[in-house]
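Coordinates in review
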Amino acid sequence: MARYIGKEMSRVDGFAKVTGRAKYAAEFKVPNLAYGFIVTSTIGKGTIRSIDTAEASRAPGVIQVLTHENYPKPAPPAAPELKPEENRNVRDRSFRALQSEQIFFNMQPIALVLAESFEQARYAARLVKATYNEEKPMTDLESSLDKARLANPSRPPRPRGNPTEALAAAPVKVEAEYTIPIEHHNPMEPHGAIAFWEGDKLTVFDKTQGVRVVQQHLATSFHIPQANIQVISPFVGGAFGSALRPNYYPALTAMAARVIKRPVKVVYTRQQMFTGHGYRPHTWQKISLGAQADGKLTALIHDSRNNSSNFEDYVENTTGMPRSLYACPNALTSQQFVHTDLSTPAAMRAPGAVSGMFALECAMDELAYALKIDPLELRLVNFSDVDPDSGKPYSSKALRECYRLGAEKFGWKNRTPEPRSMRDGRLLVGWGMATGIWGAFQRPASARVALRVDGTAHVSSATADIGPGTYTVMTLIAAEYLGLPAERVKFELGDTRFPPAPVQGGSFTTASVGSAIYEAAQNIRGRLVELANKEAASPFKTAKIEDTELLDGRLTLRGSSQSVDIFALMRRNNLSELVDVHEAKPSPEREKYATGAHGAQFVEVKVDPATGVVQVTRAIEVTACGKIMNPKTSHSQEIGGVVWGIGMALQEATEVDHRYGRIMNPNLQHYHVPVSADIHEIETMFVEEDDKVVNPLGVKGMGELGMVGIPAAIANAVFHATGKRIRDLPITPDKLL
Amino acid sequence: MKSFKYSVAKEATGAVRAVSANPAAKFLAGGTNLVDLMKEYVERPSEVVDVSRLNLAQIRETSNGISIGALAKNSDTANHPLVRQNYPLLSMAILAGASAQLRNMATNGGNLMQRTRCQYFYDTAMPCNKREPGSGCGALEGLNRIHAILGYSENCVATYPGDMANALYALDAIIRVRGTNGQDRTIAVQDFHRLPGDMPQKDNNLAHGELIVAIEIPRNNFAAKSYYLKVRDRASYAFALVSVAAALETRGDAIERARVVLGSVAHKPWRSTEAERVLVGKPATVATFEAAAEAALKDAKPLEHNGYKVELGKRSIVLALQRAMSGEVA
């Protein structure tokens, strides 16, 4: 009987967060701290001809100005000093600041001003004068689609069946192009780091989704062993993918600290966040669908192209998930990129999937109209119980139930399909739906669980909590399987001293780290059974480990009243604690199955026919993502996903002036995200799945899933309301006039 | 941000004297726009004279209408019973602007003085004749979706971004100013802001050092039939794509007086006397409103990315006039 799992638990870190006790990276108090302010380029391509720091250096409080001219170049050490795995990260071609006079993108860092106060550094940063040899940047994906190429030309896309022939032969066809602009994550907390050296040991407080990634990046940047670097990141004020890859500022901060032999803090301004980390790339997608008159898909051709930087080949995985959603025997999907003079894109919440599903699920809606079939019915006609590429069955896929429940709650049957046929007074009403899909990933991850004789437990893992409630769910899992009250369990994360865990991304943290804690708790229970069995009166002598459980500080035999006080048992054995450090790995059983998380979204929009203003008045989201560990934070994830989807559909766009290659709205006044007044009724529901194939806890990814279908559902609802098919996000009022 | 001298003014004439004496001095009231621009290095005053504690926040009835203190907060103004009752258009316009937090800080005088939100004006790396005369206009052939369609010049296509002023133009407000000679003078609101011409750096006709002390609105009969419509990319905390301040006075079936002011289409609130002429004497029908809307936008010359503003402006005028007639409250 579960005591915590599946029950609502408030965030264990909530009190600390709302009272300001939770310390974010740039808030740590470090004595003798110097402040760095980044100076950025004003051109988008070319080289720095000269950089004059004389005036800035003379400004009050300035300690030093770092540029590419005086930035130390750490010499690679003699090879034996590094273990091979510490040098393996040769693929880390991420942008590093102040390496040369080369300008790869506009607002690229060109100097770091170090001063006694933030204000002094910021002022002096304005006094750094650079001149350039300027070249014309190319930043427009859509003008350069013909330059798109595959990341790996030796592995061209592999078709399923004969998509070209099937499309040609299809009695009903839909073919359309969809575009999504660059979008930025815009977490509340700006990225920042504090770095200091003690001899050859480096400590960095950083805002990151993975302390180990930063540690590896710093090791390769400074050619020092990872063991010499500690990265600490206990709280993150939102990240959404923007702190997944190593950004340029931690190494820059650490180098500055080394040069001036003082602790240094560097925090991005909001503007600097627009080039200081990645972004959802600009995508252009073309979808061709072929179907029979009964709606059965016969062909899917999905061509996707996105922009990358000029120094990395970033490919957005737009087609991976859409390709496997429907039972379509013939499919060809390809993903290409175009080099542009912009910084490198990065994963942004539901990367690839939300962009690809915007295209596919809008195209499915277009097909439904071409076929005169209800859009929901079209999805059901093409429902696939197996992965269409491998033929493997899904370990679980309660998507049918999501469709059914969502349609019922929404009242979908009352929809009249004709565009502009539903009204509320003078407003046009539109109802649209779409499908969401995400993975059920698990990555190898470790945790340390210590059960203490004083009746408490300490659990740790080098994972992160960027907001989904990781502190809470890990506490909950440990409390459940150690049989302790949650208040007696302390979980810590965000420190490279803890057992290794992957980045918090891909919605795989609970599956990965949670499984490690679960299995470590099992191991501790096993040890307790062994200890008990050393004693004559043990009731577990013939019991299997699965027949035992930990509850209220006692080891009990299931279905019997026999139990042992575990803390008394530990005392009798002179044990102050029982510790298990465990790495959980994905089970080989997964190979027999296809896995994934799914959902159905139904939205209502109201459109002002005079002004084109769209309101999303109602959204029902039904999600099937395995076991729901904590409904409270889980609903919060899905609601947040819907809000993100609304922003993506209606508002978000990073605007680049292609003449300069410069982002012109790098602030929250010009870059719009939804405000409270944009959000109306959102209802989220779960269809729980019992799936122990995906991982022992039966959990699947949910943090990204919640937004995947929303932009398409909204675009489809806007079509239903207005008769206008907007294939270019965001759907701003001007596009509906 | 550049270092600056800071002082707190104790009375208005002294504040005027202090700022007049230094060409690089600025008044500070709510600071909601000025401080942002100082952080962006767009405004670089060497001296800031804080006028926020001057006794200029009263809102009172006068023999001829209402006098609203320059330092009354936007929130207090919008929610004042006299304003709500007699000048609901002003209340609606203020509440359409910014966010509750900003309105609580922002003053009426400061609202009139707010500067454009043109992206090129905000970015010191970009050309902008308003910020740096002679450097060129980045928006003219750049990203100009939010820019002017009326009254602009080759030098500047920025728009005046505010909401409150659009209502003030419709209500024939008078701006009372403490002059540099210590005497008050008044400026009719339509003469307050300027078109860019060849001096886009100058937003308005105040002399350096002059301080707005009050906004006066004469009594009118628009209260029953006025409406402020704001069309924007999100429901709050966004500048208008197009806004319309509409006010009507009718006798029988006919329109006796009319005001139509478009916001976010020009370097100043754009009062369309052409539209008003079409309306006066006509029945208050959709056909009349449509004719007025056509007249208001007939000289519009959209840029590459803001062609939608012409059609949106027309539709918004019709909608705002319809809502004014029906007595709706925004």
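Position labels on residues start from 1 in each chain and follow its written sequence. Labels follow written order: the first chain is A, the first ligand is 1, and so on. Residue-level local features of this predicted model are given only where pLDDT is at least 70; pairs of side-chain atoms are given and counted only at 80 or more, and the full residue set underlies all totals for whole chains, interfaces and linings.

Two residues qualify as being in contact provided that their C-beta atoms, derived from the backbone, are within 7 Å of each other. Taken residue by residue, the interface counts 24 residues in chain B and 25 residues in chain A. Broken down by element, the residue count for the side of chain B that touches chain A peaks at 6 residues, all from helix α12 (residues 308–326) of chain B. In the scheme used here, Gly and all other residues not listed as nonpolar or charged are polar, with Ala, Val, Leu, Ile, Met, Phe, Trp, Tyr, Cys and Pro taken as nonpolar and Asp, Glu, Lys and Arg as charged. Partitioning the side of chain B that touches chain A into residue classes produces 12 nonpolar, 5 polar and 7 charged. Runs of H or I in DSSP of at least four residues are treated as helices and runs of E of at least two as strands, each being numbered from the N terminus.

Each nonpolar core consists of buried Ala, Val, Leu, Ile, Met, Phe, Trp, Tyr and Cys residues. Their C-beta atoms, within 7 Å, join them into a set. Exposure in this text rests on C-beta crowding, where 20 or more other C-beta atoms within 10 Å of a residue's own make it buried, 12 or fewer make it exposed, and counts in between make it partly exposed. The C-beta atoms are placed from the backbone. If you look at the biggest cluster of nonpolar residues, it comprises 336 residues, and the most contacted ones within it are A:V113, A:A478, A:I517, A:I714, B:L89, B:A245 and B:I317. Beyond its immediate sequence surroundings of up to four residues, A:A478 is in contact with A:V449, A:A457, A:V459, A:V489, A:F491, A:I517 and A:A521.

By a frequent convention, interface size equals the accessible area lost on bringing the separate parts together. Boundaries between domains were set according to an automatic or database domain assignment. Each assigned domain of chain B is listed with its residue range as follows: domain 1 (5–52) and domain 2 (226–326). Taking only C-alpha atoms into account, the centre of domain 1 of chain B sits 36 Å from that of domain 2 of chain B.

Residues and elements named next belong to chain B. Under the 1.5 Å per step criterion, the end-to-end length of α12 is 27 Å for 19 residues, consistent within 8% with the ideal 27 Å. Counting buried residues in α12 gives 15 out of 19 residues, a clear majority hidden from the surface. G327 sits one or two positions beyond α12 and adopts a positive phi of about 75 degrees. Multiplying one less than the number of residues by 1.5 Å gives the expected span of a helix.

Right, let's talk about the pairing of strand β12 (residues 283–291) of chain A for a bit. Residues and elements named next belong to chain A. The buried fraction of β12 is high, at 7 of 9 residues. Bridge count between strand β7 (residues 172–180) and β12: 9 bridges; the pairing is antiparallel. Within β12, the residue paired with E175 across the bridge is S288. Two strands pair under a simple rule: DSSP has to find at least two bridges between them. Note: β12 against strand β13 (residues 297–308), 9 bridges, orientation antiparallel. Each bridged residue has a counterpart across the sheet, and for L289 the counterpart in β13 is L300. Here β12 folds back onto β13, and the loop between the two strands holds 5 residues, one of which, G295, carries a positive phi near 100 degrees.

Turning to the domain arrangement of chain A, a few remarks are in order. Residues and elements named next belong to chain A. Taken domain by domain, chain A consists of domain 1 (25–136 + 185–276), domain 2 (283–441 + 591–736) and domain 3 (443–585). Measuring from the centre of the C-alpha atoms in domain 2 to the corresponding centre in domain 3 gives 38 Å. Residue-level contacts link 19 residues of domain 2 with 16 residues of domain 3. Split into classes, the residues belonging to the side of domain 2 that touches domain 3 amount to 10 nonpolar, 7 polar and 2 charged.

On to the packing of helix α9 (residues 353–371) of chain A against helix α17 (residues 710–722) of chain A, then. Residue and element names in this part refer to chain A. Their axes nearest at 8 Å, the elements α9 and α17 cross at an angle of 30 degrees. The angle between the axes of α9 and α17 places the two elements in the roughly parallel class. As for how α9 packs across α17, the hand of that crossing is right-handed. Between α9 and α17, the residues in contact are V354, M357, F358, E361, C362 and D365 and P711, A712, A715, N716 and F719, respectively. Under this scheme, a helix contributes an axis fitted over its contacting stretch, all axes are lines through C-alpha atoms, and angles between N-to-C directions fall in the 0 to 180 degree range. Roughly parallel covers angles under 35 degrees, roughly antiparallel covers those over 145, roughly perpendicular covers 65 to 115, and oblique covers all other angles. A crossing counts as left-handed when the near helix is turned anticlockwise from the far one by less than a right angle, and as right-handed when that turn is clockwise.

With that settled, the discussion passes to the confidence of the model for chain A. pLDDT gives the predictor's per-residue confidence on a scale running from 0 to 100. Within chain A, residue pLDDT values average 96, and 98% of them lie at 70 or more. Considering only residues more than four positions removed or in separate chains, one finds that residues 84–90 of chain A, a stretch of pLDDT under 50, has 6 contacts.

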